[in-house]
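Residue-level structure breakdown
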Amino acid sequence: MCGEPLIEVVNLRFRYEDGTAALDGVDFRLSASETVALLGPNGSGKTTFLLHLNGLLQGEGEVRVCGLKVEKQNLAAIRRKVGLLFQDPDEQLFMPSVLEDVAFGPLSAGVPPEEALRRARQALAQVGMAEACDRAPYHLSAGEKRRVALAGVLVAEPEVLILDEPTTYLDPPGQRDLVALLRRLPQAKIIATHDVNLARALAQRAVFFERGRIVSDGPVEELIERFGWDTSAASGS
Amino acid sequence: MHHVVLEQWSRRASRVHALDPRAKLVVTLLLLIAIATSPALGGAQFAAYAGLLAAVVLAAGLPPGGVALRAGIVLPFAGALAVMNWLAGDVARSVAILLKSYLSVFAALVLVGTTPVARLFAGLERLGAPRSLVLVLQFLYRYLFVISEQAQHMRLAAQSRGALERAPRRTRLRAPASAVAVLFARSYRRAEAVYQAMLARGFAGHVEPVAPLRLAGKDLLAAGAASGAILAIRLGL
Amino acid sequence: MHIPDGFLSTPVWAGLGAAGLSAVGLLGRRVQRELAESAVPRLGVMGAFVFAAQMINFPIAAGTSGHLVGSALLTYTLGPAPAALVMSAVLVLQALVFQDGGILALGANVVNMALAAVLVAHLCYRYLERSQLRGAGMFAGGALSVLVAGGLALAELGLSGVRIPPAILGLSLGLLAVNGLIEGALTLAVVRALERLSPGWVRKPEAEARPALGILLIAGLLLVTAGVLVASAAPDSLEWLAEEVGLAERARHLFETPLADYQARFIAWPWLAQATAGLAGLAAAFALSVSLGRLLIRRRRG
């Protein structure tokens with residue numbers, strides 16, 4: 001457990017190697033059990049921002065998770081607190097079998113194999129994939145891959161879940177199942193998405209990214225309205 | 001597809017499937033060596049090896065016809081060389097080439113058809129294969145289908161835009177060359193994303209093996225019995 | 001050209017097996033020690049890329065098409081030692097899972113297509129790069145990598161006593177030469193395309209301390225291959241040559257004396273004698289492979 005705020009970002013700046021600014025002074029706070037949607041056009045810096053929250057990228061400015069500054073000596077602890085779900089589950093599921101993949105995190109953290117496997121089974125049960133232990137990741141459907149990837153994140157019992165476009169590749173029933181599953185999880189969540197229905201279903205608050213900055217922060221519905229972000233509202237505006 | 005069928009076979013349940021992969025690897029190697037060193041005109045020996053393999057196929061519940069057919073994969077090449085040696089007057093060698101190559105592929109198929117690839121790799125590692133080679137193999141096998149699928153899509157896209165046959169010579173080479181280059185770039189980026197996902201989940205420099213292989217009494221017994229049979233055939237006891 | 005099991009004689013597969021095994025062991029340990037930890041997943045994914053790239057067809061002429069083999073391309077992008085490890089992994093997977101190439105013949109296939117091919121590609125690139133002939137170096141590297149790998153495979157078959165009529169051998173070599181030229185052209189075309197995408201992917205070879213050694217190695221590989229091929233295609237001509245210079249007698253002495261004793265002792269079990277001969281070849285090949293591996297690795301550290 002950790003105190004407030006769960007995540008605090010102050011004046012974060014990041015440039016790519018070619019010099020283009022990806023993040024241009026981002027300030028952000030997340031409190032415990034809060035769910036925030038990250039909206040904004042492609043290339044506005046959402047994913048880059050997410051990668052800073054567990055130190056996969058490190059820019060100028062300050063990022064704190066549970067009061068810990070994101071820097072080299074804290075990375076292991078921070079990566080256990082921050083569970084990051086990547087957009088493409090094929091990139092996240094790299095072990096030969098589902099069970100081994102989910103057990104990857106605890107095993108890397110030095111948990112003994114028996115215990116790591118027990119936790120992995122538990123996490124798979126949590127996402128409704130307990131039957132899939134021995135299957136190979138490339139035999140799973142898109143929805144199953146997403147669930148297994150989520151189990152691989154949940155197994156570390158993170159304080160906050162970070163989801164990058166979690167509904168990509170999912171058919172509508174798959175999207176509904178995922179929303180229902182995410183709703184049951186008690187963790188605070190940050191969700192980068194173009195899917196306004198997902199944002200509405202899960203988040204109360206949203207922030208809007210544009211050219212590497214947060215240009216607006218407020219209730220989800222209000223932001224969707226203000227930026228004309230509703231896919232079905234295009235004809236109305 | 002060839003490997004899909006093999007993989008389905010490898011996931012069946014039988015006493016042969018349940019054996020430790022190390023026992024199967026060592027026995028297969030012994031059998032291959034026995035076949036390779038058998039005299040060219042040892043007809044009875046070859047029949048005995050075939051009988052042994054057939055017994056294993058039946059015990060493992062693999063379709064005998066399917067294995068026999070698939071082992072024919074080697075026949076075009078072996079047949080061509082066999083004909084050459086026949087014509088050169090070396091009839092014994094020509095027959096031996098056909099029999100030895102066919103039986104060897106058959107043995108390899110029995111090994112792969114009764115052992116899931118991931119367990120095969122784990123067995124290789126425990127038998128002393130370098131760790132980095134085994135890791136490369138694991139990642140190679142994991143992403144083989146993902147990247148092949150990308151290549152397929154690119155091929156279809158190229159075809160749907162018209163055949164290159166009529167294009168000027170320069171374009172004919174350049175278009176597929178850029179396709180390969182793009183595939184390279186995508187693979188490279190994917191590798192980086194995979195590595196990031198590993199870091200996000202606490203990768204600490206090496207992948208811990210999950211399901212420790214255990215050589216039980218029955219593995220040693222089966223390996224001993226099979227080795228005994230092979231040696232008895234080879235030494236003509 | 002993947003050699004299946006059942007073709008190579010015991011000394012050949014055992015010797016090359018030991019060579020391949022020890023070289024890969026050496027490469028594996030060095031790669032693990034010297035590359036960043038991010039390299040391991042990358043090497044695996046790039047191995048998958050080699051498989052997939054072979055699915056992309058290049059129209060060659062009159063309805064025929066070819067595809068990239070990839071050892072030269074990997075050498076220019078990953079560096080020689082990692083490229084050799086990746087190609088070895090590709091061959092292991094092909095032998096185990098796809099029955100493409102034998103399991104006992106794996107050593108031979110690794111020596112031909114992973115070690116020799118990568119080494120030759122690397123050396124060509126390195127020497128010609130320095131003399132402002134970068135493109136030519138890459139082309140030659142691609143072409144020779146296929147030629148040397150195929151030539152070695154033919155030579156190993158010949159050494160094993162498989163008879164290949166001179167006409168067929170000539171045809172095979174001709175096809176090999178064409179394939180080599182195609183591989184050279186494709187390698188160059190893909191490298192150019194890659195450089196248009198991002199120049200950082202194609203490595204510049206490190207400065208060479210002892211260029212003569214590399215040239216000797218290429219020459220040696222080509223000579224040995226050619227020699228064995230000639231020997232297997234037309235044994236009479238070589239015998240004649242040996243007799244002319246009085247080599248045959250001496251050679252027979254050299255080879256028969258030490259083994260004859262063993263053969264006498266093991267006469268009841270001739271295959272044991274064969275195995276002993278295999279072990280002797282194995283020891284010799286081990287020394288060769290260690291030096292080969294060392295050479296590849298020094299390239300990396302340069």
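Preceding block: the structure.
Read on for an overview of the structure. As the structure is a prediction and not an experimental result, all values here were calculated from the model.

The subject of this paragraph is the pattern of salt bridges. All names here are of chain A. All chains considered together, the criterion is met by 23 salt bridges over all chains. E34 is the partner of R205 in a salt bridge, and the nearest nitrogen-oxygen pair spans 3.0 Å. With R205 in strand β9 (residues 205-210) and E34 in the loop between β2 (21-30) and β3 (35-39), the pair connects residues that are 171 residues apart, well separated along the chain. The exposure classification of R205 matches that of E34, with both residues buried. Close ionic contact of E144 with R135 constitutes a salt bridge, the shortest N to O distance being 3.6 Å. A relative accessible area of 23% places E144 in the partly exposed class.

The subject of this paragraph is the interface of chain A and chain B. Of the residues lining the interface, 31 residues belong to chain A; the matching set on chain B comes to 27 residues. Its largest share of buried area at the contact with chain B, chain A owes to E91, F94 and Y138 of chain A, together 26% of the area lost on that side. There are 4 salt bridges connecting chain A and chain B. Between R142 of chain B and D90 of chain A there is a salt bridge, and its shortest N-O distance comes to 2.9 Å. For the interface between chain A and chain B, the tally reads 10 residue pairs in polar contact (both at pLDDT 80 or more). Of all the elements in the fold, those that place two or more residues in the side of chain A that touches chain B are α3 (89-92), α4 (98-108) and α5 (113-126) of chain A. Examining the composition of the side of chain A that touches chain B, we find that 8 residues originate from one element, α4 of chain A, more than from any other.

With that settled, the discussion passes to the sheet that holds β9 of chain A. Residue and element names in this part refer to chain A. Pairing in this open sheet of 6 strands is mixed, and the strands run β6-β7-β8-β3-β9-β10 from one edge to the other. Two strands close off the open sheet at either side, each with one partner strand: β6 (82-85) and β10 (213-219). The mean inter-strand angle of the sheet, taken between neighbouring strand axes irrespective of direction, is 15°. Bridge analysis of β3 against β9 gives 4 bridges, and the strand direction is parallel. Bridging across to β9, L38 finds its partner in V207. Sitting on the sheet, helix α6 (residues 142-154) touches β6 and β7 (160-164), and the angle it makes with β6 is about 165°.

Calculation rules
- Residues numbered from 1 in each chain as written.
- Chains lettered and ligands numbered in written order.
- Predicted model: local features only at pLDDT ≥ 70, side-chain atom pairs only at ≥ 80, totals over all residues.
- Heavy atoms only, no water.
- Salt bridge = Lys/Arg side-chain N within 4 Å of Asp/Glu carboxyl O.
- Helix = DSSP H or I, 4+ residues; strand = E, 2+ residues; numbered from the N terminus.
- Buried < 20%, exposed > 50% of the residue type's maximum accessible area, 1.4 Å probe, protein only.
- Contact = heavy atoms within 4.5 Å.
- Buried area = accessible area lost by both parts, 1.4 Å probe.
- Polar contact = N/O pair within 3.5 Å; in protein donor to acceptor, adjacent residues only side chain to side chain.
- Pairing = 2+ DSSP bridges.
- Axes fitted to C-alpha atoms, helices over the stretch in contact; angles between N-to-C directions.

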